[in-house]
Amino acid sequence: MSVQKGGPTHWLTGWHLYFAVIAACLALSLLWTLPVWLAPNHLIGLPGDPVSNAWNAAWVPFALTHGLSPYQSAYLNAPSGINNMWPAPTMLYIILVWPLTMLISPTLGYNAIMVLALTGTGAAAFALMIRFTHRRWLAAWASGLFTFGPYEASEVAGGHPDLAAVGSLLLLALLTHELFISRNWKPRSVGLCIAALLLVQMVTSEEVLASAAIMAAIGTAIALLIQRKLDRDVVPYVCSSLKWAAVALPPMLAFFTFQWLAPGALHGQNASPSVYSAPLITYFIPGPSQQLSLPWTSSITQYVWGPKEELSSYLGVAVIVTLILGLRRLRAPMLRWLLAMLVVSAVLTLGPAVRLKGGVSLPAPEALLAMLPLVGNILPIRLGVYVDLFSVLAMVLVLDKVSWVSWVRYSAASVVALTWVPSIPAPAISIPVPSAFTRQSPVLFTEPHAPDVVLLLPYVANGATDAAMLWQAADHFRFRVPEGYWVRLTIHQPGNAYGPAATEFTSSLVMVATSGHVPAMNRRLRSSALAYLRSHDVGAIVLGPSVRRAQLERFVDGVLRARPHYINGVAIWRVN
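Now for a look at the structure at hand. None of these values were measured; they are calculated from a predicted model.

Cut-off values and rules
- Residues numbered from 1 in each chain as written.
- Predicted model: local features only at pLDDT ≥ 70, side-chain atom pairs only at ≥ 80, totals over all residues.
- Heavy atoms only, no water.
- Helix = DSSP H or I, 4+ residues; strand = E, 2+ residues; numbered from the N terminus.
- Buried < 20%, exposed > 50% of the residue type's maximum accessible area, 1.4 Å probe, protein only.
- Polar contact = N/O pair within 3.5 Å; in protein donor to acceptor, adjacent residues only side chain to side chain.
- Patch = residues over 30% accessible without salt bridge, like charges linked within 9 Å, V, L, I, M, F, W, Y side chains within 5 Å.
- Areas by Shrake-Rupley, 256 points an atom, 1.4 Å probe, with all protein chains shown as cover.
- Salt bridge = Lys/Arg side-chain N within 4 Å of Asp/Glu carboxyl O.
- Phe/Tyr/Trp six-rings, centres within 6.5 Å; stacked < 30°, edge-to-face > 60°.

### Thoughts on the environment of S277
- Structurally, S277 is set in the loop between α14 (249-261) and α15 (295-305).
- Using a relative accessible area of 1% as the deciding quantity, one classes S277 as buried.
- Of note is the side chain of S277, whose polar atom sits 3.5 Å from the backbone oxygen of L350.

The structure is reproduced here in structure tokens:
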């Protein structure tokens, strides 16, 4: 399965070419997310996960400069604290934007992380695509197609920088090509690069790392079926390279041991694979992350997928027709391997069962893989990264190798690109930070009477009301909170997997914040509320901006039988 390389000389070569690619990816990423840079307090993505990732962008620098673990925190869910390992902070990207986060705001830090994730993914995609074609425009087209394709667009909308930052995954694919096909580099260089990329991916997204291992095993088996025999020097070269890659094993084992044995270790799934799996029809109609999505397509995807943002399974008729026509004209082993991997990836994204009309479901191959260790924790829809990757690589081979006239080649590339254009601009949410939590305002509480634990309202729970979590980060963690939005997985998981377990008092707070209904204050509810405040060592309650602010204030007045005082637009109650 050889791939031809090389081509005519060009003034833009070597590192100059990659600097130009990085600059172009950065420019396109900034242009796509332009609204967040023009308006303050805007986060890239839809409501939910962007706030928790912005919180992580501030928490990691704070933890590292105060001798704390970035993977555990006592500043949420006080006094118990949380295990912050799933999903773990995107460590490398957080460190890169550290100055922006600490000097300006967690909001800016998070947005910068998302742009870096897209830029790194685009540059890595180009490095991979250029191996499959000598046409630079085709490599650039393919890298742009992947970087702003259905998978990346859906993860950006979800506010998941850990899943959007797949540059290291693409470079691992490049090194896999080097291992089994090119073999131009020294084994030591290949092995050490693999080790470095594995470590980067480990501290970016373990879920992507686990899925990469699965797809590598499947890909090796399919390659052996297609090729039937290996070149004589493949096995010694691969073994020599992997020997050097083994230097990554000790830190990876230490990392995973800490994760599995640390206090509050996480076990189980944060969502059902049957829920986050791709309905078959979504491969043919644009999802909510495509600009081409129309009212009738939105109605279909809403019906079969529901109000979720991670729908990344769209391929489109143009892509499918291009690949079928290409396969008829080009029987290269590499193309057959890519198409086989595309089919496997697409089938796996269907989840453990294919749902049919009338509630009937049929077992799918993914159900067998789910029996393997850790595989069951991977949400099937997130395997869409491989659907995009293999389809784009296959289209590169087809458009490069098939002897079509130029206008047919350019037309096919244009039609495919138009169907994959993401929704413009990228989705964003506005989370204003009250001036009371910024550097420009006096502190909320003066020493030595500053409370250690503060209940922030609207109460942070389940991602529905999570703005106050960002206020704590903007205030540089001068207090802890008994709430939060994080993944809470245990062997026996009561209720929702996100945030603290509900109590009568906190459920009432969420109800008031979301519906405006203030429950009647009686002795039982007031006793429950006061017991909660005592058990969580709450020293003060702070109410910030909210559409239900008047109702929340009336509810807290009833609990404490006291009126608040006001500082810079926030209401404060002291708890005795």
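That shown, we press on.
### Quick look at a nonpolar patch on the surface
- Together, L26, L28, L30, L31, L34, W37 and L38 make up a nonpolar patch on the protein surface, roughly 630 Å² of accessible area in all.
- Of all the secondary-structure elements, those providing two or more residues to the nonpolar patch are α1 (14-32) and α2 (34-38).
- In terms of residue count, α1 provides more of the nonpolar patch than any other element does, four residues in total.
- For L34, the position within the fold is in helix α2.

### A few points about the packing of aromatic side chains
- Applying the stated criterion across every chain, the model contains 23 aromatic pairs.
- Arranged with centres 5.9 Å apart and planes meeting at 85 degrees, the rings of Y75 and F477 form a pair that is edge-to-face. Of this pair, Y75 sits in the loop between β2 (72-73) and β3 (82-83) while F477 sits in the loop between α21 (467-474) and α22 (504-515), and the two are 402 residues apart along the sequence.
- What links up through ring pairs into an aromatic cluster is the set W55, W59, F62, Y75 and F477.

### Quick look at α21
- Counting buried positions along α21 gives seven out of eight residues, so the element sits mostly inside the fold.
- Along α21, the positions that sit buried rather than exposed are A468, M469, L470, W471, Q472, A473 and A474.

### Points about the pattern of salt bridges
- Per the counting criterion, the structure on display carries 11 salt bridges.
- With its nearest N and O atoms 3.4 Å apart, the salt bridge here joins D233 to R183. On the criterion of sequence distance, the pair formed by D233 in the loop between α12 (206-227) and α13 (234-245) and R183 in the loop between α10 (167-182) and α11 (187-202) is long-range, its members being 50 residues apart.
- For the salt bridge of D400 with K401, the shortest nitrogen-to-oxygen distance reads 3.2 Å.
- With relative accessibility at 5%, the residue D400 sits in the buried group.
- The exposure class assigned to K401 is partly exposed, which follows from its relative accessible area of 31%.

Interpretation note: all reported values are geometric properties and have no functional meaning in isolation.
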